[in-house]
Amino acid sequence: MASAQIHLSPEITALQSDLADKIEYFKSLLAKTSLPMIAPNNSPVFFLGTAMPLTTYKLVQYLFSEGFYLNAAIYPAVPTKNTGIRITLSRHNQKEEIKALVEAMEYHFPKVLLETANSQPKIKRAFGITETNSPAKTTASETALLLQYETAIQKINKPLWNELLGNQSVFDWDGLSFLENTFTNPACLENHWDFHYYIIKDKNGMPLLATFFTYGLWKDDMLAPESISLQLEEKRKLNPLYLTSKVLGMGSLFTEGNHCYINKTHPLAQQAITLLLEKAEALYHQLNADMLVLRDFEEDNQINDIFHNQGFLKINMPESCIVQNIGWNTIEEFSASLSPRSRKHFLKEILPFEQAFDIVIKNKLTNEELEQAYKLYQNVKNNNHAINTFTYPVEVFQKMDEHSQWEFILLYLKKGASNPLVGIMFCYKNTEQTYTPALIGMDYDYAKEFHLYRQLLFQTIKRARELNRSKIDFGFSATFEKRKLGATIIPKVAYIQTRDNFSMELMGMLQNEALS
């Protein structure tokens, strides 16, 4: 059977020919420019890559002021770092108009790149376009600032680091030395991290910014709602690395708190932030990471605008908890410092149960205690996915046991002759007077009857007071329980870039399914 043939009218053929001619004319004009048109083709739709949303916004504004209305392509239509301008030709466009558009883009584009601290090499990296013979250029911000970049904390001045960032979590100088020594295991990808340190100063040596990044494997749902993680963990029983990504992330999976010191009063603060983002993005591309994450920031409109305009998407993180009221001398004074409702809770559900335990503080565990402690940690890890990280191997706890700044709060239940170990806090004594209960272990058979979790929190507060510490970094999750014991709750946000939107879209679908 002969196939049917479609015959177009002469009028339609002429219109098609006219549009094809204008497309070829547009392409010939573009060939004479350096405008980064992504994936040139023979269709009437073209994409001018800008990578950064701020560059897109400004270029659209400039072109609109000259009478050209073009569509901005931004997240979620495209990945956050693949923004640009969509240009669609039609047969109604005259060649004079097409030429005027190209001339306007060619005139405004370099100016907009300069205004937004963007560049052609950055755009090409964002879109995965390989550059050849592209000499590195020194940015204006680099000429005004001094950058120190290191891959080991031993190369960073200890007093300076502790002055800028040492009063938090496990990332004072000694804490980072511990982390570098602990999370170096190339044979186990989920527990192998590379460390990257940045300190930016002005010409007079005044520190403007300090931070560190780790590069390693993350679960894509690490900061997602727990309902999503529960669904994904079912799939990971068969495929442990399902939905995991190589991430260059500010801070580390082991730490929480403000990982980025910024001297916001300095006139070059914004330039310092821009320089950090330039270096972090260059490293992100060099490592071929799947995601770049700037995390643990408090809400700040200025920071939000800078990161958004540089192509980062803001997401909410779990709230952080700290205790700073540790100046009391007696349990009565501590109780009186709580709100009336929290005080009632403390006197009824925490203090009376203290006598059910033998409470022991140790700097070093026996092999048997370490084995029991690790099992208790695994219990909690398997039951809590609020911050969904990989389960740490026992070697991490062995390194804690060998380190002088770690100690352990052990709760033995007074139960006959067995006196079982039912709870443990793994605590880091930060050199700058912060006490950090980094991990917890519990026996859930006794958790509800003896209010075990609450007792561990209370014993942590008591221990910090005994050591005369000024602050407790109580970490993420269980904010309701921590607030009852006087913790301040601090909302936190993160800023991310991804090479594609697949993981975020999938997690969004899972969340919608859970809510429906």
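Heads up: the structure comes first, above all this text.
Since the structure is predicted, the reported quantities are computational estimates derived from the model, not experimental observations. (Residues numbered from 1 in each chain as written. Predicted model: local features only at pLDDT ≥ 70, side-chain atom pairs only at ≥ 80, totals over all residues. Heavy atoms only, no water.)

(A) Representation of the environment of Asp-305 in the model. Along the polypeptide, Asp-305 turns up in helix 10 (residues 301-309). By relative accessible area, Asp-305 is classed as partly exposed at 45%. Residues Asp-305 and Leu-54 lie 251 residues apart in sequence; the distance between their C-alpha atoms is 9.5 Å. (Helix = DSSP H or I, 4+ residues; strand = E, 2+ residues; numbered from the N terminus. Buried < 20%, exposed > 50% of the residue type's maximum accessible area, 1.4 Å probe, protein only.)

(B) Representation of the packing of aromatic side chains within the structure. Evaluation of the coordinates by the stated rule reveals 35 aromatic pairs. Between Phe-346 and Phe-458, the aromatic rings sit 5.0 Å apart at their centres with planes inclined by 70°, giving edge-to-face as the arrangement. Of this pair, Phe-346 sits in helix 12 (residues 340-349) while Phe-458 sits in helix 16 (residues 452-466), placing them 112 residues apart in sequence. Exposure remark for Phe-346: the relative accessible area of 0% places this residue in the buried category. Overall, Phe-458 belongs to the buried group, its relative accessible area being 0%. For the cation-ring pair, Lys-95 lies above Tyr-25, with the distance from its terminal atom to the ring centre recorded as 5.2 Å. Above the plane of the ring of Tyr-62 lies Lys-111, whose end atom (NZ or CZ) is 4.4 Å from the centre. (Phe/Tyr/Trp six-rings, centres within 6.5 Å; stacked < 30°, edge-to-face > 60°. Lys NZ or Arg CZ within 6 Å of the ring centre and 35° of its normal.)

(C) A look at the packing of helix 7 (residues 173-182) against helix 14 (residues 394-402). Look at helix 7 against helix 14: their axes get within 10 Å of each other, and the N-to-C directions meet at 140°. As summarised for this structure, helix 7 and helix 14 are arranged oblique, according to the angle between their axes. By crossing handedness, the relation of helix 7 to helix 14 is classed as right-handed. In this structure, helix 7 uses Phe-178, Asn-181 and Thr-182 to contact helix 14, whose residues at the interface are Val-396, Lys-399 and Met-400. In terms of residue class, the contact of helix 7 with helix 14 is built from three nonpolar, two polar and one charged. (Axes fitted to C-alpha atoms, helices over the stretch in contact; angles between N-to-C directions. Parallel < 35°, antiparallel > 145°, perpendicular 65-115°, else oblique. Left-handed = near helix turned anticlockwise from the far one by under 90°. Contact = heavy atoms within 4.5 Å. Nonpolar A, V, L, I, M, F, W, Y, C, P; charged D, E, K, R; others polar.)

(D) Highlighting the state of the cysteines. Under the defined criterion, the tally for this structure stands at zero disulfides. A disulfide-free cysteine, Cys-321 has its sulfur positioned 15 Å from the sulfur of Cys-427, the nearest such atom. (Disulfide = S-S within 2.5 Å.)

(E) Just unusual backbone geometry, in detail. The phi dihedral of Asp-296 falls on the positive side, at around 70°, and the residue is not glycine. Mapped onto the secondary structure, Asp-296 falls in strand 9 (residues 291-297).

These values are about where atoms sit, not about what they do.
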